[in-house]
Amino acid sequence: MTRVLLLGSGAREHAIARALCHSGASVSCFASNLNPGIMALAAGFELGELNAPQAVVDFATRHRAELAVIGPEAPLAAGVADALRAAGIATVGPDRELARIETSKAFARDLLVRHGIPGCPRYRTFDALEGVADWLAELGDGYVVKYDGLAGGKGVKVAGDHLHSHAEALDYCRELAASGGRFVVEEKLIGEEFSLMSFCDGETLRHMPAVQDHKRALEGDRGPNTGGMGSYSDTSHSLAFLDDEDISTAHAINEAAAAALHAECGAPYRGFLYGGFIATSDGPKLIEYNARLGDPEALNVLEILQSDFVAICHGMATGTLADCEVEFRPAATVCKYVVPEGYGVKPRRDCTLIINEEQLAASGASLFYAAVNQSPGGTLETTSSRAAAVVGSGAMFAAAEAQCEAGLAAVSGRGLHVRHDIATPQLLERRVAHMRGLRSSHEAPAVMAA
């Protein structure tokens, strides 16, 4: 039985813990909150500072970990993977220098350009206001401003969504420059977003099914952006608005990025490589890279993973992924998050979460706990972030979505919100129609003015 250190305690880590245990691992978790789902699975569980390399190594040593799996991105930026490898522990998660693919937007963009990797929008990097106004004038109304670092998903502001004039954009850039931060101003891309994650050992990549996340808090893609209200994947492992060339292009970009990282950093990228893509009329473009599994996307793909997850993680960590079988069930998955009311702007902090375990089991859906704490009396206390995710699966979307909703019916409490329209026929058709319209307008011949 492989002894595995799991770092992190959100829904993503709950799903990772379940997949590891299903593959026969003994899991010890170093956590930031008392996640009851992980606590029920773990042989060892301790609260601590996830971004403190020595504290993580000490925990791993006490539990005689043979393999480590890092969930969130902040420990990667803090050099936790470097410290674990130095201690002789095989680790899933890139070293700090390689993790710049996520921790620096400018590094990721420059990497693609230097190595001739397609999919990069027009962009420029700044650390002061000089030249920003001219670049905004060149981009017109289609621009995005990104803080060049980790900001918990809150460092990106998009024209039309968060910024409504060049004056507002300049104010945000001024704020970033005043705080000593670099920032990227890039072309706004129009299309349909999708996530394409890959297992990677530095040489070999094994790709996961494509997933679409839903950032907007409210139904109909309205409201503020969030960490993700839910996601879905299709039986085909593609998505209805993508074609085969879109998928193969995304695969090729991930493979080229992994090779470029190895060439530039002198070390193999060993971990999860998560490409955040957007299908446009000109093919897939890269929005950003993440150096870990997505949340909620991990919940979709791990739900249908058929292969031995411990073997895959060991393969990534030791450079032997080519020897591993990686297969996913041909099933659709639907994930919907339960969150506090006001999540994304001003979330309630007095919510309760009650799970009817018998009803949940009868639904066949899976539930993953996120940012909750279990009190000594067993009460589930929510925080200001996402509370729990419910995942349904089935041969078709309708079955997966129905199972997800049946699972959600087992969740009750005060002050909770769910975005129920995710993966409904109306939303799916809207995605397809949007992409069809973009492609047809791109293919239509130009009409010359009289």
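Given the structure is predicted, the values throughout are model-derived calculations rather than measurements.

Engineer: Explanation requested: the overall build of the protein in the structure shown.
Structural biologist: Scanning the protein for helices and strands turns up 15 helices and 25 strands. C-alpha atoms of the protein, sized along the principal axes, occupy 75 × 50 × 45 Å. Among the 450 residues that make up the protein, the fraction classed as buried is 54%. For the protein, the accessible area works out to roughly 18000 Å², and carbon and sulfur atoms hold 50% of it. Of the side-chain charges in the protein, 38 are positive and 56 negative, and the distance between the mean point of each set is 4 Å.

Engineer: Is there a simple way to explain the sheet that holds strand β19 (residues 352-355) in this structure?
Structural biologist: Sheet strands pair via backbone hydrogen bonds, and the direction of the pair is either parallel or antiparallel. With respect to topology, 4 strands assemble into an open sheet ordered β21-β22-β19-β24, the strand pairing being antiparallel. Across the chains shown, the open sheet's two edge strands, defined by having one partner strand only, are β21 (372-374) and β24 (411-412). Where β19 lies against strand β22 (residues 380-382), 2 bridges are found, and the strand directions are antiparallel. Bridging across to β22, Leu353 finds its partner in Leu380.

Engineer: For this particular structure, what's the right way to read the side chain of Asn300?
Structural biologist: You can see Asn300 is positioned in helix α11 (residues 297-303). Here Thr333 takes part through its side chain, which lies 2.9 Å from a polar atom of the side chain of Asn300. For Asn300, the contacting residues outside a window of four places in its chain are Val211, Ser231, Tyr232, Ser233, Thr333, Val334 and Cys335.

Engineer: Would you explain the packing of aromatic side chains in this entry?
Structural biologist: Geometry of an aromatic ring pair is reported as the spacing of the ring centres plus the angle between the planes. Counted by the stated rule, this structure contains 5 aromatic pairs. Across from the ring centre of Phe107, 4.0 Å away, lies the NZ or CZ of Arg100, which sits over that ring. When the ring centre of Tyr172 is taken as reference, the NZ or CZ atom of Lys157 above it lies at 4.6 Å.

Engineer: What should I look at first to understand the sheet that holds strand β10 (residues 192-200) in this one?
Structural biologist: One open sheet accounts for 4 strands, arranged β11-β10-β16-β17; its pairing is antiparallel. The open sheet has two free edges, formed respectively by β11 (205-207) and β17 (283-290), since each of these has just one partner strand. Put simply, the sheet's adjacent strands are angled 35° from each other on average, direction ignored. Relative to β11, β10 is paired through 3 bridges, and the arrangement is antiparallel. The residue bridging Ser198 from the neighbouring strand is His207, located in β11. Of the strands in this sheet, β10, β11, β16 (271-280) and β17 are in contact with helix α10 (residues 244-265), which crosses β10 at around 50°. Taken strand by strand, helix α12 (residues 309-318) contacts β10 and β16, and its axis lies near 80° from that of β10.

Engineer: Is there a simple way to explain α10 in this structure?
Structural biologist: Residues lying three or four places apart along an α-helix face the same way, a consequence of the helix completing one turn every 3.6 residues. Taking 1.5 Å as the rise per residue, α10 with 22 residues should run 32 Å; its terminal C-alpha atoms sit 32 Å apart, in good agreement. Taken residue by residue, α10 has Asp246, Ile247, Ala250, Ile253, Asn254, Ala257, Ala258, Ala260, Leu261 and Cys265 as its buried positions. All buried residues of α10 project into a common sector of 165° when viewed along the axis, lining one side. What points out from α10, more than 90 degrees from its buried face, is the exposed set Asp244, Glu245 and Ala263. Taking the backbone nitrogen of Glu245 as reference, a side-chain oxygen 3.2 Å away marks Asp243 as the first, capping residue of α10. Looking one or two places after α10, you find Gly266, whose phi comes out positive at around 70°.

Engineer: For this particular structure, what's the right way to read the environment of Asp282?
Structural biologist: Tracing the sequence through the fold places Asp282 in the loop between β16 and β17. Sequence-wise, Asp282 and Gly191 are 91 residues apart; in three dimensions their C-alpha atoms are separated by 9.6 Å.

Engineer: Please clarify how the pattern of salt bridges should be interpreted in this entry.
Structural biologist: Pairs can form between side chains of opposite charge once their charged atoms are near each other. Counted under the stated rule, the structure contains 32 salt bridges. The partner of Glu46 in a salt bridge is Arg62, and the shortest N-O contact between them spans 2.7 Å. Note that Glu46 is positioned in strand β3 (residues 44-47) and Arg62 in helix α3 (residues 53-62), a separation of 16 residues in sequence. Taking the relative accessible area as the measure of exposure, Glu46 reaches 29% and is therefore partly exposed. Its salt-bridge partner being Arg114, residue Glu264 comes within 2.7 Å of it at the nearest N-O pair. Here Glu264, found in helix α10, pairs with Arg114, found in helix α7 (residues 105-114); they are 150 residues apart in sequence, far enough to count as distant. Taken together, the shared-partner salt bridges in this structure form one network comprising Glu192, Asp221, Arg419, Asp421, Arg430 and Arg431.

About the criteria used
Residues numbered from 1 in each chain as written. Predicted model: local features only at pLDDT ≥ 70, side-chain atom pairs only at ≥ 80, totals over all residues. Heavy atoms only, no water. Helix = DSSP H or I, 4+ residues; strand = E, 2+ residues; numbered from the N terminus. Buried < 20%, exposed > 50% of the residue type's maximum accessible area, 1.4 Å probe, protein only. Areas by Shrake-Rupley, 256 points an atom, 1.4 Å probe, with all protein chains shown as cover. Lys, Arg positive; Asp, Glu negative; His and termini not counted. Charge placed at Lys NZ, Arg CZ, Asp CG, Glu CD. Pairing = 2+ DSSP bridges. Polar contact = N/O pair within 3.5 Å; in protein donor to acceptor, adjacent residues only side chain to side chain. Contact = heavy atoms within 4.5 Å. Phe/Tyr/Trp six-rings, centres within 6.5 Å; stacked < 30°, edge-to-face > 60°. Lys NZ or Arg CZ within 6 Å of the ring centre and 35° of its normal. Axes fitted to C-alpha atoms, helices over the stretch in contact; angles between N-to-C directions. Expected span 1.5 Å × (residues − 1). Arc of directions from axis to C-beta. Salt bridge = Lys/Arg side-chain N within 4 Å of Asp/Glu carboxyl O.

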